[in-house]
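Descriptive structure summary
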Amino acid sequence: MLYFTFRSFPNGADSFDTLGTSSLDVIVVYNPKNVNKPQKGEKWPLNKSIKVVVSPTKASADLNDSKVKVSYYGSQGKELLGSSLLYLTNVDISLDVDLYRTGMVKSRVRGKDTWSWGRNGKGAILLVNCDSDRNTSGVTDSEDTGPPNAADVKDMSPMILTAEGPDDIFDDYKVYLQISSLDAKRMRVYQKRRYQYAQVLGKDKLSYEVKRENLDEITFYLEGLEFPDYDFPGLVYIDLIFKKVKDGSQIFTEQVVFRVAPWIMTPNTQKPLEVYVCNIKTNTEFIKYLSEFVEKARCPLNKVTYSGNRGDQWVQDEMEFGYTEAPHKKFPVVLDSPRNQGLKNFPVTQVLGPDFGYVTREPTNRGSVNTLDSFGNLEVSPPVVVDGKSYPLGRILIGDGLSKSNMRMNKVLRDFLHAQQVQAPVYLYSTWLYVGHIDEFMSFVPTSDRKGFRLLLASPRACLELFKQKKREGHGDKVMFEGLGKKEYTIDEVLSSKTLAEASEKCQESIDLNRKILKKELGLSEADIIDIPMLYKYDSEPETVDSFFPNMVNMLVLGKNLGIPKPFGPKISGTCCLEAKVQSLLEPLGLRCTFIDDFATYHEYLGEVHCGTNVVRKPFSFSWWECSM
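Residues numbered from 1 in each chain as written. Predicted model: local features only at pLDDT ≥ 70, side-chain atom pairs only at ≥ 80, totals over all residues. Heavy atoms only, no water.

In the nomenclature of an unreviewed UniProt entry, the protein chain is known as protein-arginine deiminase of Engystomops pustulosus. The record held by UniProt for the protein chain lists under Sequence similarities (unreviewed entry) the comment "Belongs to the protein arginine deiminase family." According to its UniProt record, the protein chain has this under Catalytic activity (unreviewed entry): "L-arginyl-[protein] + H2O = L-citrullyl-[protein] + NH4(+)". (UniProt positions renumbered as here; feature names shortened; annotations may be inferred.)

Listed below in C-alpha cells is the structure:
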C-alpha cells in the first residue's frame, strides 16, 4: 500500500485527478469537513489534507507492469498543465497459519501475530511432537535429530509462505524466515525437499533464506519440542522478512505466533480405552478377578510382564495418562513420574510409540524425590463451574502437606502442571496418610444426574455409624476378615478399640478439611458428595495412618462399572455389610459394583485396586483453546 501526498507540481496547478491500471486500487482519501468531493467533470483540489492511496489487487506478471498516472490542472481544472507516471511492481508476500483453528490454513488474514483464548479466539496451535513415528529406540520425535517421515509430518502444524511476483524481482529482493534463540529450543521448522523433509529452522538455525524456485506457495511444517513450563509460557514466534539484497533494507515484515498445546489429564468420568496392570508372581488370582471385571466393561487389559515391571506392581504410581491436541491432530501422552522404581523404563520403552506421546519431569536432585511424586497423588476432577468460572477440563488435584509438614510434590512437577494452564491445580492435605496419596481418601464416579458425577470420600464417621447400627440390631459379634487367616475383629471389638477410635477421629478431621477445600474449589454441595465407610489405623509412624481394611474409595472406574476392593467386612445374613452399604449408595445412580479381592497382593502392601491399575481414557470433546482464561 502506497500513499501519495501533496508534493511538487507544475506552476499554476490548482487541481488533479488520478488513474491506475487494473492491477491497482487507487483511492483518494480526504476529510469531507474540509474538502468537497468533485462532481462530474470536476477535479480534486490540490490540498495537503488529501492523500492518494494505491493498493495492489494482484501480483505483477512482469517488472513495472502496474502504473499510476496523476494529471495536474490549472484554471479550476480546465487546463492540463502536466502529468506524472508511477511504475510499480506488485509483490504478494504473506506467511499464513491455521489462524481460525479449523485444521486448515487460511491465506491473507490479519491478526496472525496475536493469540487469544475462547470460542471466538484466534491463533495457531503447535503440538509437541513427543510420540515416536520415526524412531523405535525409546526416543521421542522431538528428541530425534533425524528427518521426519510422512507419518511424523501429520503431527506437525502447516505454515504456508506466499511469494508471488515476477521471477526477476527475487534476484534483487530476498525472503527470510527468522526465529529467536529461545524459540529455536522450542520448535523446529521443516520444508519438503525432493526426497525428504529438511530442517530449516530450530536448534542452531535461527534464520533461513527461502529459495523461491518459481513456486508461488511454499509449505513448511512445524513441530513443538517442549511443553509449556515455568520458564516458557507456551508462545513461539516466526518472523517473515522481505528485504533488498543490495543494502539490506527491509521492505516488508510480518510475524506469526503459535501456542504450544498443553498436556491434559483425563478424569475417571471419561470413557476407558485400555487398562494396565502388572503381572507379577504373587497376583495371579487378582489378575483373574480383574480380567473378569474388565471384560464386563468391554475394555482391553494390558498385562505388563516382568520385563516391563521388574517386580513393581504399582502401575498407577509410575505414570499418568493424558493427551495433547491441536485442530489437526490429537494423541495420548503418558506423563512419567520421577519415582523410578521397577517400572521406571516401562513408559518410555513400551508405552511411547506412534501416536502415543511421552513426557517426564525429573528433579536435578534425585534425593528430593518423595512419595508425593508418585501419581496415586495426582488426580483430576470432572468439568466443574466454580462461582461462575467454568473449568471445562476439570481441575488437577495434588496431595500436599499444606504447611502442616514440609512434604510437597517436587517443584519441577508442580511447575509443569501449573504451566499447562487449562486445569488449574488444587492442593489437598494428604500427608496425614503413611503413603500420602489422595487416592486413599477420594475418587470420582460418573452419573447421569446433577453435575454428571459424584465425589466419593472415605469416611470413618460413616463406618462407625454403620457398625453402631449393626450392633444395635444385635450383630456385635459378627467378624471382619473372616476366612483370611488373619486376626479377626468383631464389630464390638472395633467399636471398643480406643486406638481405632482415636485414629478415626483424627482421620475424619483431615478428610473434613479436604471436604471443605473440594467443595470450595470445585463448586460442590453436600448433595454432590457420597461418604464411603472406611477406617484407618495407626502405622508404625505415630503421626500417620493406613487403611484398616481394604479401602473401597481406591477403586477402578470403568464407565458405570466400579472395581472396588473387597472390604471383608462383617457378614450379616451371608452378606458383607460394608459391601451392602456401598451398593445401596452407588447402585441407585446406575453404577454397577464388583468387589475384587486385593487383600494379600495389594492391601497388605499399603495399596489397593486403583494403585495397582492404570487407565487410558478418551480425551475430552471440548477443545482446550476454547477455555476462557
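There is more to say, and it comes next.
1. Overview of the overall build of the protein chain
Along the protein chain, the regular secondary structure elements total 11 helices and 41 strands. Expected size for 629 residues packed as a compact globule is a radius of gyration near 25 Å; at 34 Å, the protein chain overshoots this value by more than 25%. Reported as C-alpha extents along the three principal axes, the dimensions of the protein chain are approximately 120 × 55 × 45 Å. Buried residues in the protein chain amount to 54% of all 629 residues. Put simply, of all contacts in the protein chain between residues at least 6 apart along the chain, 72% involve residues at least 24 apart. Of the roughly 28400 Å² that the protein chain leaves accessible, carbon and sulfur atoms contribute 47%. Put simply, the protein chain has 79 plus and 82 minus side-chain charges, and the middle of one group is 5 Å from the middle of the other. (Helix = DSSP H or I, 4+ residues; strand = E, 2+ residues; numbered from the N terminus. Rg over C-alpha atoms; globule rule 2.2 N^0.38 Å. Buried < 20%, exposed > 50% of the residue type's maximum accessible area, 1.4 Å probe, protein only. Contact = heavy atoms within 4.5 Å. Areas by Shrake-Rupley, 256 points an atom, 1.4 Å probe, with all protein chains shown as cover. Lys, Arg positive; Asp, Glu negative; His and termini not counted. Charge placed at Lys NZ, Arg CZ, Asp CG, Glu CD.)

2. Let's talk about the sheet that holds strand S18 (residues 264-265)
Taken in spatial order, the 4 strands make up an open sheet running S18-S21-S22-S23, and their pairing is mixed. Each edge of the open sheet is held by one strand with a lone partner, namely S18 and strand S23 (357-360). (Pairing = 2+ DSSP bridges.)

3. As for the nonpolar core
Formed by 66 residues in total, the largest nonpolar core has its most connected members in Met159, Phe220, Ile238 and Phe258. The contacts of Ile238, once residues within four sequence positions are left out, are Leu95, Met159, Leu177, Gln178, Ile179, Met187, Val189, Leu222, Glu254, Gln255, Val256 and Phe258. Grouped together as the second largest cluster of nonpolar side chains are 61 residues, Tyr391, Ile530, Leu535 and Phe595 included. (Core = buried A, V, L, I, M, F, W, Y, C linked by side-chain atoms within 4.5 Å.)

4. Quick notes on a negative patch on the surface
A surface patch of like charges, here negative, comprises Asp62, Asp168, Asp171 and Asp172. Position of Asp171 among the secondary structure elements: in helix H2 (residues 169-172). Taking the relative accessible area as the measure of exposure, Asp171 reaches 53% and is therefore exposed. (Patch = residues over 30% accessible without salt bridge, like charges linked within 9 Å, V, L, I, M, F, W, Y side chains within 5 Å. Salt bridge = Lys/Arg side-chain N within 4 Å of Asp/Glu carboxyl O.)

5. Focus on the UniProt feature "active site" (unreviewed entry) in the protein chain
The positions that UniProt labels "active site" (unreviewed entry) are, in the present scheme, Asp317, His437, Asp439 and Cys611. A compact arrangement is adopted by the annotated residues: their sequence extent is 295 residues, whereas the largest C-alpha distance between any two is 10.4 Å. If you trace the backbone, Asp317 turns up in helix H5 (residues 315-318). With respect to the helices, strands and loops of the structure, His437 is situated in the loop between strand S28 (426-429) and strand S29 (442-446). Beyond its immediate chain neighbours, meaning those up to four positions away, His437 contacts Asp317, Thr371, Ser374, Gly376, Asn377 and Ser430.

6. Description of the side chain of Asp98
Looking at where Asp98 falls in the secondary structure, it is placed in the loop between strand S8 (92-96) and strand S9 (124-126). Among buried charged residues, Asp98 stands out as having no salt bridge; its nearest opposite-charge side chain is Arg101, 7.5 Å away. At 3.0 Å, the side chain of Asp98 and the backbone nitrogen of Arg101 are in polar contact. For Asp98, the side chain forms a polar contact with the main-chain nitrogen of Thr102, separated by 3.0 Å. If we skip the residues at most four places from it in the chain, Asp98 touches Gly103, Met104, Val105, Gly123, Ala124 and Pro327. (Polar contact = N/O pair within 3.5 Å; in protein donor to acceptor, adjacent residues only side chain to side chain.)

7. Observations concerning the environment of Asp14
On the secondary structure map, Asp14 appears in the loop between strand S1 (2-4) and strand S2 (15-20). The spatial distance from the C-alpha of Asp14 to the C-alpha of Gln76 is 6.4 Å, given a sequence separation of 62 residues.

8. Some details on the pattern of salt bridges
In this structure the tally under the stated criterion is 34 salt bridges. Measuring nitrogen to oxygen at the nearest pair gives 2.9 Å for the salt bridge that ties Glu604 to Lys486. Separated by 118 residues along the polypeptide, Glu604 in the loop between strand S40 (592-596) and strand S41 (613-617) and Lys486 in the loop between strand S31 (479-480) and strand S32 (489-490) bring together distant segments of the chain. Since its relative accessible area comes to 38%, Lys486 is described here as partly exposed. One connected set of salt bridges, linked through shared partners, spans Arg134, Asp144, Asp152, Arg188 and Glu223.

9. A closer look at the packing of aromatic side chains
Applying the stated criterion across every chain, the model contains 25 aromatic pairs. Judged by centre distance (4.6 Å) and plane angle (55°), the rings of Phe286 and Tyr602 are tilted. Taken as a pair, Phe286 in helix H3 (residues 284-296) and Tyr602 in the loop between S40 and S41 lie far apart in primary sequence, 316 residues in all. We note that Phe286, like Tyr602, is buried. (Phe/Tyr/Trp six-rings, centres within 6.5 Å; stacked < 30°, edge-to-face > 60°.)

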